[in-house]
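Survey of secondary and tertiary structure
Okay, here's what each chain looks like letter by letter:
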Amino acid sequence: MNLIETFRTGMEAVVSHRLRSTLTVLGIMIGITAVILTVGLGEGAQQQVGSAISSLGANLLIVTPGSTTSSTGIRGGSGSASTLTVANANVLASKTVAPDIAGVAPVVSASESLTAGTTNWTTTLVGSTASWTSVRGRTMAEGRFVSGHDVQTHAAVVVLGPTTASQLFGNRDPVGQTVDVAGTPMSVIGVLTAEGSSSTSNDDDQAIIPITTAATRIIGGTNRNALSSIYIQATSSQTLSAAYQEADNALLSLHGITTATNADFTITSQQSLLATATSVDKTLTVLLAGIAGISLLVGGIGVMNIMLVSVTERIREIGLRKALGATPRVIRRQFLVEASVLGLVGGMLGAVLGLAVAIVLPHFISNPIAISAAAIAGSIAVAIAIGVAFGVYPASRAARLAPIDALRSE
Amino acid sequence: MTELSSPRLSFDATQPVRIDDTARVPAQPAPVIEIEDVHKIYRTGTLEVAALRGVSLTISSGEYVALMGPSGSGKSTLMHILGCLDVPTRGTYRLAGEDVSTMTEVDLADVRNRRIGFVFQQFNLLPSLTAWRNVELPLIYAGVDRSTRKERALAALDRVGMGDRVEHRPGELSGGQQQRVAVARAVVSNPALVLADEPTGNLDSVSAREVLNLLAELHDSGRTVVLITHDAEVADAASSTFRIRDGQILDASSAAMAGGRP
């Protein structure tokens, strides 16, 4: 009996045992769909966090006061007071000190209440300089950003994020209007372009004012030169580590620190943030893949049961075929074809259903679903393996029975 | 007479026999059944049941033999061993001079396929296949190509009077019709030996008579036919009868003698 005949016989058995075939295909299909969707959700979350961190700005380094040490955890450099000053930022901006740094944006920030007319909105108030837009990679939707002149004159001007603007002014044009920032009236000079719908980031909800205005009029405090952080942009991604070294050395010498481990500041790169976030998400993906694996296993056990029962039901058929001259090998092959076809069809349908849901579902939930070819290929392979193992093993055992024992079985 | 295509074999004389060569019994060595001191012991846990206790039997080529005995006598076990469906626990079995008790499973499959045709009490047709697809099964395992298979299956069905039911599934046929399909399947590969295990057990008397007539015609065409039954009337159809009781052959008698018993 050649392979074509075996294949034809196997296919006929698949078609003629409709209920068995349908249930098997259904079990495999659901398992595969679950794998594709859960892995897709995990990878989607990973990509989302990745793009959120990339949106911080290109080739970005962030200097924050205080430092962490591996043994004792977070350690404030000098108590609660910030060790970073505007003067530090100005030194870093110098081309002679740090040739690989393209731009520096010193930042003070605080949570403040903004009032426009009778509307109240609490947001992140950021005091910075004109270089903030280029360092953070932001553009203006309308109006202009804070200028160098505004910084020098402590001007009472404010730039709003798009979310902030719509919360305060609704559909009205905010530019030219006046906003009360912590009791100080400031005129709105521009609105930032929306960063995009990134659910983890509040980059669209903030208000930016000149750093000098923030220090003297709004935030105040004992150390008016203290900064919340300094954003540094390297000239390119290749010079990022050089920029890191230059900033690190300059700040260490400015702060009079000789041992790098005693540093009272921390420099974080966008890559290291990304790496941390990605590793967290990898854990998530592994977890989800585990759940998916369990659902595939449960589906597989269902398939196994159907296969075992259907083979048991067909032991008489096996006996008859043997009586008519089929060798055990031919019987095994027939069931191999049947099981593979069922596994393959179930796998394909599961992949199609999984892809369809992955495309449709993100319209209804906020989470994106990434489609993973590896997950699809892997789960189909597992489905076929399950079908073959549990379809062929009992058939192969039945094929070894004496024909009359198989024929007699009920 | 060795030609199956002789006119008296055709149930419907108006139907032409399609393929002449399908009806020809191949010129192979005469199938002689020689069984010597065969025992068959079934073990269920610690319990041993001896179904056959030293059976010796010789059936020559072209004979029509009935194996008769009450249920539990071991006649079915003997038939299964004759048909290479089961192997004896002890003793030798030579089929056409070949010792089948030492054959591998693959060789036994080949023997069943080419030399033996089976007719079962339960018909044993595959319910999902049409009549002609059931009949072609032995030819599939013999490696016959598709178009030849169909021709031979249709010709065999024609010869048992089922030429107009070839596309029916077993569920759509009466018991007698199913058994006729089974007879067609038994002879489609031109085996020299036909084994019929209670072929009339599930049939009404009219259908039973038809099936017995078919077997008689197979015998007339030169085949060795072995019929297993518990029914003396059915055994009468054979030219000689072996009576079995408690796993042993009681005697060999001519059909006339067997028929003469009360």
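Scoring rules and cut-offs
- Residues numbered from 1 in each chain as written.
- Chains lettered and ligands numbered in written order.
- Predicted model: local features only at pLDDT ≥ 70, side-chain atom pairs only at ≥ 80, totals over all residues.
- Helix = DSSP H or I, 4+ residues; strand = E, 2+ residues; numbered from the N terminus.
- Buried ≥ 20, exposed ≤ 12 C-beta atoms within 10 Å, placed from the backbone.
- Contact = placed C-beta atoms within 7 Å.
- Nonpolar A, V, L, I, M, F, W, Y, C, P; charged D, E, K, R; others polar.
- Pairing = 2+ DSSP bridges.
- pLDDT = per-residue confidence, 0-100.
- Core = buried A, V, L, I, M, F, W, Y, C linked by C-beta atoms within 7 Å.
- Expected span 1.5 Å × (residues − 1).
- Arc of directions from axis to C-beta.
- Axes fitted to C-alpha atoms, helices over the stretch in contact; angles between N-to-C directions.
- Parallel < 35°, antiparallel > 145°, perpendicular 65-115°, else oblique.
- Left-handed = near helix turned anticlockwise from the far one by under 90°.

Tallying secondary structure elements over chain B gives 8 helices and 10 strands in all. Within chain B, buried positions represent 48% of all 262 residues. For chain B, long-range pairs separated by at least 24 residues make up 69% of all intrachain contacts whose partners lie at least 6 apart in sequence.

Here the focus is the interface of chain A and chain B. With 17 residues of chain A at the contact, the number on the chain B side is 20 residues. Where the side of chain A that touches chain B is concerned, the elements lending two or more residues are helix H1 (3–16), helix H10 (315–323), helix H11 (328–360) and helix H13 (403–408) of chain A. With 4 residues, the top contributor of residues to the side of chain A that touches chain B is H10(A). Residue classes in the side of chain A that touches chain B are distributed as 11 nonpolar, 3 polar and 3 charged.

A few words now on the sheet that holds strand S2 (residues 47–59) of chain B. All names here are of chain B. Read from one edge of the open sheet, 4 strands run S2-S1-S4-S5, paired in antiparallel fashion. Two strands close off the open sheet at either side, each with one partner strand: S2 and strand S5 (98–99). The pairing of strand S1 (residues 33–44) with S2 spans 10 bridges and is classified as antiparallel. Residue pairing for S2: arginine 43 is matched across the bridge by glutamate 48.

Its identity is not glycine, yet A:Ala182 carries a phi of approximately 50°, on the positive side. Tracing the chain through its elements places A:Ala182 in the loop between strand S9 (178–181) and strand S10 (184–192). Overall, A:Ala182 belongs to the partly exposed group, with 16 C-beta atoms counted inside 10 Å. The backbone of B:Phe123 shows a phi angle near 65°, a positive value even though the residue is not glycine. With respect to the helices and strands, the residue B:Phe123 is situated in the loop between strand S6 (116–119) and helix H3 (131–142). For B:Phe123, a count of 21 C-beta atoms within 10 Å puts it in the buried group.

What follows covers the confidence of the model for chain A. On average, chain A scores 81 in pLDDT, and the residues at 70 or more come to 91%. By mean pLDDT, strand S4 (residues 77–80) of chain A is the weakest element of chain A at 44, and strand S8 (residues 157–160) of chain A is the strongest at 92.

What follows deals with the environment of A:Thr327. As for its position among the elements, A:Thr327 is in the loop between H10 and H11. The exposure class of A:Thr327 is buried, given the 21 C-beta atoms found within 10 Å. Separated by 73 residues in the primary sequence, A:Thr327 and A:Arg400 have C-alpha atoms spaced 9.2 Å apart. If we skip the residues at most four places from it in the chain, A:Thr327 touches B:Glu105, B:Val106 and B:Ala109.

Here we come to the nonpolar core. Within the largest apolar cluster, 128 residues are counted, with the highest numbers of intra-cluster contacts made by B:Leu67, B:Leu157 and B:Ala184. Here this core takes 14 residues from helix H2 (residues 18–54) of chain A, the largest share from any one element. If we ignore the near neighbours within four places in the chain, the residues touching B:Leu157 are B:Ala131, B:Trp132, B:Val135, B:Met162, B:Gly163, B:Val166, B:Val181 and B:Ala184.

Moving on, we come to helix H8 (residues 240–254) of chain A. Residue and element names in this part refer to chain A. With 15 residues, H8 should cover 21 Å at 1.5 Å per step; its first-to-last C-alpha distance of 21 Å lies within 8% of that length. Among the residues making up H8, those that are buried are Leu240, Ala243, Ala247 and Leu251. One side of H8 carries all its buried residues, which in axial view fall inside an arc of 60°. For H8, the secondary structure elements touched by its buried residues are strand S1 (60–65), helix H3 (86–92), strand S5 (101–116), strand S12 (229–234) and strand S13 (265–269). One or two positions beyond H8, positive phi appears at glycine 256, with a value near 65°.

What follows covers the confidence of the model for chain B. One rule of thumb: low pLDDT means the predicted coordinates there are not for detailed reading. All names here are of chain B. On average, chain B scores 82 in pLDDT, and the residues at 70 or more come to 84%. Residue range residues 1–24 is modelled with pLDDT below 50. Its contacts to residues more than four positions away, or to other chains, number 41 contacts. Across residues 254–262, where pLDDT falls below 50, the model places 12 contacts with residues more than four positions away in sequence or in other chains. The complex model carries a pTM of 0.65, and its ipTM stands at 0.82.

So, about the pairing of S1(A). Looking along a regular strand, one sees the side chains alternate between the two faces of the sheet. Residues and elements named next belong to chain A. Bridge count between S1 and S12: 4 bridges; the pairing is antiparallel. Pairing of leucine 60 across the sheet is with glutamine 233, part of S12. Sheet analysis places S1 next to S13, joined by 5 bridges and oriented antiparallel. Looking at the pairing, proline 65 lines up with phenylalanine 265 of S13.

Residues and elements named next belong to chain A. Across the interface, H1 lies against H11 with an axial gap of 8 Å and an inter-helix angle of 55°. With respect to H11, the axis of H1 lies oblique. Viewed along their axes, H1 and H11 form a crossing whose handedness is right-handed. Judged by residue contacts, Thr6, Phe7, Thr9, Gly10, Met11, Ala13 and Val14 of H1 engage Val330, Arg333, Gln334, Val337, Glu338, Val341 and Leu342 from H11. Residues of the contact of H1 with H11, tallied by class, amount to 8 nonpolar, 4 polar and 2 charged.

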